[in-house]
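Understanding the architecture of this molecule
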Amino acid sequence: MTTDRPDLVAPRADPTAPPGSTALLELHDVERSYGRRGPVLGPFDLAVEAGSATALVGRSGSGKSTLLDCAAGLVTVTRGSVRFQGRDIARLPEHRRAALRCEQFGFVFQDYTLIDALSVAENIELPRRLVRRPPDPRRVAEVAHSLGLGDLLHRSTADLSGGQRQRVAIARAVASDVRVLFADEPTGALDPITRDEVISVLLSPSVRASRAVLIATHDVDVAARTDRVLVIDGGRICAELLHPAPERVLAALRAVEVDR
Amino acid sequence: MTVTYLRLAWGERAVLAPVFVVLLFGALVVAALATLVVVLGDAGDIGSLVTLGSIALVCTAVVLHAVSRHGVGERWATARRLRIVGMSARRLRMLLVAESALLALLASAVAVLLAPAVVLPALVPLLVGQGVIPPGTDVTWRVAAVLATVAGSTVVAVLGTAGAARLLVRGDPVAGGPPGRTGRSRRLLPGVVALLATVAGAALVRVVARTESDETAFLLGFLAVLCLVVVLGCGWDAVVRGAGALRGRVGRRSRSAPALLAARWLRWRHPSTVVVATSIATLLVLYLGGYPAASDDVARARLLEVVGDRWVASSMVADGAVTVAGARGVTLAEGQAVVTSSNDDDADAVRAMSWIALVGGGEARSWVRGLTDAREVPPGPGIVVSRLGAVAGGATVGDEITLGVPGSGQVRLPVVAVADLPLTFGDLLVLGADVPGAATGRVTTLVDRHADVAPDAEVRTATEWVAGLPPGKAVARSGGGGTGETPLLVGAPVLLCLTLAAAATAVTVAGRRADLRVLDRIGMTRAQRVSAVVRGVGVDVLGSGLVAAVLGSGLLALAVRPYAAAVGRDPGIAWVRPAAVLVPLLFTAVCLATAAAVTASVRRGR
């Protein structure tokens, strides 16, 4: 889909990283269908490079979460390829994809994706344990301290506030040195102050250093703090905004609504 | 990672605790039975124990398998999170299976300790009293029984978990909802199984309705019962949905929040294990317990008919000086003899002693004639066989039967009539002849007048005499098949299935913790939450129980029909009413109490 409205930047045919750079994650001609229904997502192309932060915005049901799930290997694509550092993860066997999620991908979802039976420290070091690496308490403490969780390491995550739980999820990703951080409505259940705290942490230079961050959000303010905003509608990327202001993101969303 | 997973499993203890209780109970059953079988293995005849044990083991296996599956299925939310953060499907499956095996091993260990100390001392006197095991049997701890307990419990639990774990991790980590509640294939398979079971059950019912053999009817009826269990287990979901849709169209839908939640939970968190347990218990109680009771009922009714308004005198004649000829009325002298029919091909077969009755007296022939279709009973000595024996053994009028007592000679007599009579007095009646050495001394005399009775005899009216017969003795002199063990045949499945139903209810309610906490937060009172849960559970348990009771009663009436026809009565299943109502009510009470207790124990959390 393209648009002739002056306030929107039409998506590039292949919205990859700038020429010459090597994309960390590349989705090519990706499509996802359920049963005999037509595709609920795609086809589309997308490239994400290290150090970048990309926001996916759109109406509820537009396909943001499905796109995120496809990119993270949580959902297998029906068509196309999802390449991480050149490897097509859609073709990997399930256990290799699981290992990839463990070592290279981090998740900050609205429902926190934490195991309430475990403590904060155990949740943070869970990916290391999953790949049978010895726990690194010093690293866990260091990351937890940097995210303001230093005093909560031995508390159950069930006892934490929403903002604290999201920070634990971020800490888990940072402590594991993942390369791509997937966040699906990470601030959806948070108050404005906590939301700012969580986004500040999520998009901080220390977290973004050598990592790519991909955020699906409804919040135009959150989207405006990223480098690039992709407007999703009907499972496709309709528009792309680079370093947009919140007003431009909102306008883009409204434009898509008018074009429907 | 193992320690982490153990911590994680401990966090899921609300789901795992009922699973462990069921595993422990199942292991106790296996341990007790295995010990008895090992101890009595060399004793020869352990037929009753094998029957009881088979029923108990099947129920136990169903219990363990179903609850293991159920327990895994309720943990899909945790499984989803673990897979998102990078646990592979294979590893998650292996951990779930290992966890189940560990639980089963723990349960087996406890059961092995508890069985000889608690269960067997309580069970053995009961089994001795029922004649299942001989008195004085020394039941102690045996290595083979321990191995059987550990292996049996663990294998069944692991199989149940492995199947459920495979379903749990099937597909993408974030795709779909809880296993077994979505997906066409999951709806298709139970439908196909239910269809096959329905076809098989209908074919079996058709054969049962046409057969003349009471034994064939019972056995095929039992197979039809198993088909009914499968049909109810697979098809109950559809029944509930259909009933809900019908009610929505024609009836007034309750607007209350508990009613709404109960309806939704029935749809999404359908406790099929509870339905299966209730169906199994109700059908087994009605059929296995009901058949001996129904045949006893029919036999007593027939005895009242054939004795009529006569008096019944019972006496013991010393020294075997039994004479049946010449007296007034009808004299039936109890005896035992080896019976060989001219139809028997195997002359070398070892034959057991059968109960017979030597019949004489002034009214003997007219009494026997009243039991048969024949207008006259030929004069002279002869044998009257029951229609039950005639159908089973193929004996007809004109065949010859040899009766003998080892060391006392033999008598060869023709079959002169086929009588519609239960085997109360023995397998056959010997009319106008003596069998040397056969008489035991017990004599029953039917007389019209009280004055005709010998002074030392115990005299009762026909009604009193029939009422005084021990359970099963109206069906056969040797005791009705399975009648002595009826309390165990009925009790064991009910107890096992009750445990299953209670545990499955606890597991399924534990799976609703998140919903219950949310409801608590939004202001639903504890009473309303309990009401919502028990409504859903109640519909399943009471509904499926009553449907099983109605279907089981119909099947029982069909299965009893050949026996009733053979003894000349219409089948009566009046006794079914209390049992048919009591079993579903018992299940409903236990499941609702469990549901209420577990619901009330769910505390508010974040």
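Residues numbered from 1 in each chain as written. Chains lettered and ligands numbered in written order. Predicted model: local features only at pLDDT ≥ 70, side-chain atom pairs only at ≥ 80, totals over all residues. Heavy atoms only, no water.

Going by an unreviewed UniProt entry, chain B carries the name FtsX-like permease family protein and comes from Cellulomonas triticagri.

Chain A is annotated in an unreviewed UniProt entry as ABC transporter ATP-binding protein from Cellulomonas triticagri.

Take the overall build of chain A next. When helices and strands are tallied, chain A shows nine helices and ten strands. Scored against the burial criterion, the 260 residues of chain A give a buried share of 57%. A separation threshold of at least 6 residues defines the contact pool for chain A, and within that pool the share at least 24 residues apart is 69%. Surface exposure of chain A reaches about 10,700 Å², of which carbon and sulfur atoms provide 50%. (Helix = DSSP H or I, 4+ residues; strand = E, 2+ residues; numbered from the N terminus. Buried < 20%, exposed > 50% of the residue type's maximum accessible area, 1.4 Å probe, protein only. Contact = heavy atoms within 4.5 Å. Areas by Shrake-Rupley, 256 points an atom, 1.4 Å probe, with all protein chains shown as cover.)

So, on to the side chain of Ser52(A). All names here are of chain A. Residue placement: Ser52 occurs in the loop between β2 (39-49) and β3 (53-57). Judged by relative accessible area, which is 8%, Ser52 ranks as buried. Engagement of the side chain of Ser52 in a polar contact is seen with the backbone oxygen of Glu49, the distance being 2.6 Å. Setting aside chain neighbours within four positions, we find Ser52 in contact with Arg208, Arg211, Ala212, Val213 and Asp227. (Polar contact = N/O pair within 3.5 Å; in protein donor to acceptor, adjacent residues only side chain to side chain.)

Attention now goes to the nonpolar core. All names here are of chain B. Within the largest apolar cluster, 110 residues are counted, with the highest numbers of intra-cluster contacts made by Leu332, Trp367, Phe425, Leu429 and Phe587. With 17 residues, helix α10 (residues 272-307) is the largest single contributor of residues to this core. Domain assignment of the residues forming this core places at least three in each of domain 1 (1-179) and domain 2 (310-447). (Core = buried A, V, L, I, M, F, W, Y, C linked by side-chain atoms within 4.5 Å. Domains from an automatic or database assignment.)

Let us look at the packing of helix α1 (residues 2-11) of chain B against helix α5 (residues 89-129) of chain B. Helix packing geometry: the angle between the two helix axes and the distance between the axes. Residues and elements named next belong to chain B. It is the contact of α1 with α5, at a shortest axis distance of 12 Å, that shows an interaxial angle of 70°. The orientation of α1 with respect to α5, classified from their angle, is roughly perpendicular. For the pair α1 and α5, the sense of crossing is right-handed. Facing Tyr5, Leu6 and Ala9 of α1, the residues of α5 in contact are Leu95, Leu96, Glu99 and Leu102. Here the contact of α1 with α5 is composed, by residue class, of six nonpolar, no polar and one charged. (Axes fitted to C-alpha atoms, helices over the stretch in contact; angles between N-to-C directions. Parallel < 35°, antiparallel > 145°, perpendicular 65-115°, else oblique. Left-handed = near helix turned anticlockwise from the far one by under 90°. Nonpolar A, V, L, I, M, F, W, Y, C, P; charged D, E, K, R; others polar.)

Its 28 residues give helix α2 (residues 13-40) of chain B an end-to-end C-alpha distance of 39 Å, which sits within 8% of 40 Å, the value for a rise of 1.5 Å per residue. Judged by how many residues are buried, α2(B) sits mostly within the fold: 20 of 28 residues are covered. (Expected span 1.5 Å × (residues − 1).)

This part takes up the sheet that holds strand β4 (residues 79-84) of chain A. Residue and element names in this part refer to chain A. Taken in spatial order, the four strands line up as β2-β1-β4-β5 in an open sheet, and their pairing is antiparallel. On the outer flanks of this sheet lie β2 and β5 (87-88), each paired with one strand and no other. Against the sheet, helix α1 (residues 64-71) engages β1 (23-33), β2 and β4, with an angle of about 60° to β2. (Pairing = 2+ DSSP bridges.)

Our focus in this paragraph is the pattern of salt bridges. Opposite charge on two side chains allows them to pair when their charged atoms are near. Residues and elements named next belong to chain A. Considering all chains together, one arrives at 21 salt bridges over all chains under this definition. Between Glu142 and Arg139 there is a salt bridge, with the nearest N and O atoms lying 3.4 Å from each other. Of this pair, Glu142 and Arg139 are both found in helix α4 (residues 137-146), three residues apart, which corresponds to roughly one turn of the helix. Judged by its relative accessible area of 43%, Glu142 is partly exposed. One salt-bridge network, in which partners are shared between bridges, spans Arg138, Arg139, Glu142, Asp177 and Arg211. (Salt bridge = Lys/Arg side-chain N within 4 Å of Asp/Glu carboxyl O.)

Glancing now at the interface of chain B and chain A. On the chain A side, the residues contacting the 22 residues of chain B number 33 residues. Taken together, both faces of the contact between chain B and chain A bury some 2,300 Å²; the carbon and sulfur share is 57%. Our count for the chain B to chain A interface comes out at one salt bridge. One salt bridge connects Glu94(A) with Arg83(B), and the closest N-O pair in it is separated by 2.9 Å. Viewed at the interface, chain A and chain B are joined by four residue pairs in polar contact (both at pLDDT 80 or more). Those elements giving two or more residues to the side of chain B that touches chain A turn out to be α1, α4 (76-84) and α5 of chain B. For the side of chain B that touches chain A, the leading source of residues is α4(B), giving six residues. In terms of residue class, the side of chain B that touches chain A is made up of nine nonpolar, five polar and eight charged. (Buried area = accessible area lost by both parts, 1.4 Å probe.)

Residues and elements named next belong to chain A. Mean pLDDT over chain A works out to 83, with 91% of the residues at or above the 70 mark. Averaged pLDDT values for the elements of chain A fall to 82 in helix α7 (residues 205-208) and rise to 94 in β3. In this model, residues 1-21 is a region of pLDDT below 50 whose contacts with residues beyond four sequence positions or in other chains number 36 contacts. (pLDDT = per-residue confidence, 0-100.)

To continue, consider the pairing of strand β7 (residues 428-431) of chain B. Residues and elements named next belong to chain B. What you see with β7 is no split at all: Leu428 and Val430 on one side and Leu429 and Leu431 on the other are buried throughout. By the bridge criterion, four bridges tie strand β3 (residues 353-360) to β7 in an arrangement that is parallel. Looking at β7, one finds that Ile356 is bridged to Leu428. Taken together, the four bridges between strand β4 (residues 382-386) and β7 define a ladder with antiparallel strand orientation. Looking at the pairing, Gly382 lines up with Leu431 of β7.

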